[in-house]
Amino acid sequence: MKKYLTADSLFYILLIIIFLIVLPLGNILGFVSNNTISLWGRYFCFAIAALGIDLIWGYTGVLSMCQAFFFCLGGYSIAMHMLLSATGKGVYSAAIPDFMVWNQVETLPFFWEPFHSFGLSLLLALALPALFAFLFGFFVFRSRIKGVYFAIITQALALAVWFIFLRNETMLGGTNGLTDFKSLLGFELSSPRTKLGLYLLAFFTLCGTYLFCRWLVNSKFGKVLVGILDSESRLSFTAYNVVNYKVAVFVIAAILAAIGGVLYAPQTGIITPGRMDVKASVEMVMWVALGGRGRLKGAIIGALLVNYLYSVCTSLFPESWLYILGILFILTVLFFEKGFWGLIEMLEAKLTEWSPVKGSESLKANV
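Thresholds applied
- Residues numbered from 1 in each chain as written.
- Predicted model: local features only at pLDDT ≥ 70, side-chain atom pairs only at ≥ 80, totals over all residues.
- Heavy atoms only, no water.
- Helix = DSSP H or I, 4+ residues; strand = E, 2+ residues; numbered from the N terminus.
- Expected span 1.5 Å × (residues − 1).
- Buried < 20%, exposed > 50% of the residue type's maximum accessible area, 1.4 Å probe, protein only.
- Arc of directions from axis to C-beta.
- Polar contact = N/O pair within 3.5 Å; in protein donor to acceptor, adjacent residues only side chain to side chain.
- Contact = heavy atoms within 4.5 Å.
- Bend = angle between axes of the 7 residues up to and from the residue.
- Core = buried A, V, L, I, M, F, W, Y, C linked by side-chain atoms within 4.5 Å.
- Salt bridge = Lys/Arg side-chain N within 4 Å of Asp/Glu carboxyl O.

Between its first and last C-alpha, helix H12 (residues 321-335) extends 21 Å over 15 residues, near the 21 Å set by a 1.5 Å rise per residue. Among the residues making up H12, those that are buried are Trp321, Leu325 and Thr332. Down the axis of H12, the buried set is contained in an arc of 30°. They therefore lie on one face. For H12, exposure combined with an orientation more than 90 degrees from the buried face picks out Tyr323, Leu334 and Phe335.

On to the side chain of Thr60. Checked against the element boundaries, Thr60 lands in the loop between helix H2 (34-59) and helix H3 (67-85). Here the side chain of Thr60 touches Leu55 through a polar contact of 2.9 Å, landing on its backbone oxygen. Each residue touching Thr60, except ones within four places of it in the same chain, is listed here: Leu55, Leu225, Ile228, Leu229, Lys246 and Val249.

Next up on the list: helix H1 (residues 7-29). The α-helix advances 3.6 residues per turn, and as a result positions three or four apart in sequence lie on the same side. Along its 23 residues, H1 runs 31 Å from first to last C-alpha, staying within 8% of the 33 Å computed at 1.5 Å per residue. Residue Val22 marks the point of greatest curvature in H1, where the axis turns by about 25°; the proline Pro24 follows within four residues. Within H1, burial applies to Ala7, Ser9, Phe11, Leu15, Phe19, Leu23, Pro24, Gly26 and Asn27. Positive backbone phi, at 95°, marks Gly30, one or two positions downstream of H1.

Once that is clear, we can look at the nonpolar core. Core analysis: the largest hydrophobic core is formed by 116 residues, its most contacted members being Phe19, Leu55, Phe70, Trp112, Leu178 and Phe250. Among the elements that line this core, the one with the most residues is H2, at 16 residues. In contact with Phe19, not counting residues within four places along its chain, are Leu14, Pro24, Trp40, Phe44, Tyr199, Phe203 and Leu304.

Next up on the list: the pattern of salt bridges. Inspection of every chain in the model, using the stated rule, returns six salt bridges. For Arg295, the salt bridge is made with Glu345, and the minimal N-O distance between the two is 3.0 Å. Of this pair, Arg295 sits in the loop between helix H10 (278-291) and helix H11 (296-316) while Glu345 sits in helix H13 (residues 339-353), placing them 50 residues apart in sequence. According to the relative accessible area criterion, Arg295 is buried, its value standing at 18%. Taking the relative accessible area as the measure of exposure, Glu345 reaches 31% and is therefore partly exposed.

Below, the structure is given as structure tokens:
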């Protein structure tokens, strides 16, 4: 008998029912608050970044600890555009953002000029992380830096750029970051319809990036990535250039993180260096580890579930969140190496094994 409902199909059904029907319809009818819609919209942004981490870590075995930096490059780019769109509407009615007036800056820095255009801002939001990842990845992978050394050097990179963005001299808002966004493409960000539109945009972008990643891991490119994970040294003796593949997947992961950042800034209303520090990158890796490394659905589930738990636990037990996260991580490593999605796969296999269909087939076989 054909099996109609698998864990995969249940995942897709629940995703569509909950996030495409229940929450948006509830928001329109007034049962779901605008804050809840924005909150889940932000979780979708994190899930997009988690897909990139799963590609480079779960499928390739390269542990990158600087994905939050790429996430923020995307966020800062679109945030700069939104601030420039609101010039003249701030407290000082100046032609430059308010935080520059506070810092006694009189003219707009030259590197802000391209961000007057939305199209150019969007292009730079994706191109800057991609270019940075390409240059950094090319020289690092070419130097045969891998394993824990790559994790350490990317962690050092995250710490270095965090210090740079903290400084007021960078003209990026310093510790306070960029905030006070008014509108995007003429849509008021405070409007409930805009919030719902951004939520749906983030959801469909997550679906699109998931389908792209699924196609990628099932392609020849994905097979080579798994080959690098299994035995990089053995693969290097074949005709495949391992360095090129690692650089390519590093760039793709950076672009995915930047896409998440672009959608995150207008929904949150603020982007700060705190979102790109080492802790933020470590948290992103933990989403994938808890959800299920090497499983794209696991990365999505991990990002959504952990961030939802974060919101709940920080409201109920604000001092205990890190302990809860640590316990979850330890339990996953000790007992559920394949994460939440691996646990679901295991339960599905058990149910299939003990299903009445198989039981009756076994009985017939015995007869």
